[in-house]
Amino acid sequence: MTLEVRVKVKVKEIMTTPVVSATPDTPTADVAELLTTHRISGVPVTDQDGAVVGLVSEYDLLVKQGATAREVMSPTVISVTEDTDVEDVRALLVDLRIRRVPVMAGQRLVGIVSRSDLVELLALEWTCERCGEPARGPRPPDRCPRCGQPPAQFTRQEQPPGE
């Protein structure tokens, strides 16, 4: 029987920042260029105070007609806070079939979490230098569950392609 160590991970530990965003008046051609240049599939649309007022995805650009982000954006945005558990974000992305969620501090955009951020988290593995016990997560566990070593005794393992 093996014990699996689960470390509670918060959004602030894996979110992407700074966030590539657009304003409501950004021309759709410029939004398309942002997506292409940054190799992303959507951008939050923010007002002058940094509040998210919409989201423009590749899909929006392909199916909607309009000259500006305001005209093609999806105005309903699901967001999370920095202290949201990553597992809750995973459930949101899967259950609602969305690709990303903006991360807010009050009304201000401070980050974004995408499905690729969650997939990257799955690939992080730490190994105890003393006993070889593996653990997954953005950081090593507080103590090795097998031998009790502190986090400093863990090394990050790179995952080979295809695993």
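What comes next is a walk through the structure. Since the structure is predicted, the reported quantities are computational estimates derived from the model, not experimental observations. (Residues numbered from 1 in each chain as written. Predicted model: local features only at pLDDT ≥ 70, side-chain atom pairs only at ≥ 80, totals over all residues. Heavy atoms only, no water.)

**Remarks on the pairing of strand β6 (residues 125-128)**
Filter applied, for reference: Partly exposed residues are those whose accessible area sits between 20% and 50% of the maximum for their type, while under 20% is buried and over 50% is exposed, using a 1.4 Å probe and protein chains only. We count a stretch as a helix when DSSP gives it H or I for four or more residues in a row; a strand needs E for two or more, and each element gets its number in order from the N terminus. Between any two strands, at least two bridges found by DSSP are needed for them to pair.
Neither face of β6 is exposed, since E125 and T127 on one face and W126 and C128 on the opposite face are all buried. In this sheet, strand β7 (residues 134-136) lies alongside β6 in antiparallel orientation, the contact comprising three bridges. Bridged to W126 within β7 is A135. Connecting β6 to the next strand, β7, in antiparallel fashion are five residues, including G132 with a positive phi near 85°. Looking at chain direction, β6 and strand β8 (residues 154-157) are connected through four bridges and run antiparallel. Directly across from T127, in β8, lies its bridge partner T155.

**Observations concerning the environment of Q149**
Put simply, the rule is: Two residues qualify as a contact provided that any one of their heavy atoms is within 4.5 Å of a heavy atom in the partner residue.
Note on placement: Q149 falls in the loop between β7 and β8. When the C-alpha positions of Q149 and R130 are compared, they lie 7.6 Å apart, and in sequence the two are 19 residues distant. Look past the residues within four positions of Q149 in its chain and what remains in contact with it is C128, R130, D142, R143, C144 and F154.

**Some details on the side chain of T84**
Rules: In protein, a polar contact means a hydrogen-donor-capable atom and an acceptor-capable atom, both N or O and within 3.5 Å, with residues adjacent in sequence counting only if both atoms are side-chain atoms; elsewhere, any N or O pair within 3.5 Å suffices.
Its location among the elements puts T84 in the loop between β3 (80-81) and α4 (86-95). A distance of 3.1 Å separates a polar atom in the side chain of T84 from the backbone oxygen of T81. Ignoring any residue separated from it by four or fewer positions in sequence, one finds T84 in contact with V9, K10, V11 and V89.

**Observations regarding the nonpolar core**
In plain terms, the rule: Nonpolar cores are built from buried Ala, Val, Leu, Ile, Met, Phe, Trp, Tyr and Cys residues. Side-chain atoms within 4.5 Å join them into one set.
Formed by 15 residues in total, the largest nonpolar core has its most connected members in V11, I14, V89, V103, V113 and L118. For this core, the secondary-structure elements that each account for two or more residues are α4, β4 (100-105), β5 (108-114) and α5 (115-123). Here the element with the most residues in this core is α4; it accounts for three residues. Discounting residues that sit within four places of it in the chain, V113 has contacts with V11, I14, M15, V89, R99, R100, V101, V103 and L118. Grouped together as the second largest cluster of nonpolar side chains are nine residues, V31, V56, A69 and V72 included.

Shape is all these values report; function is a separate question.
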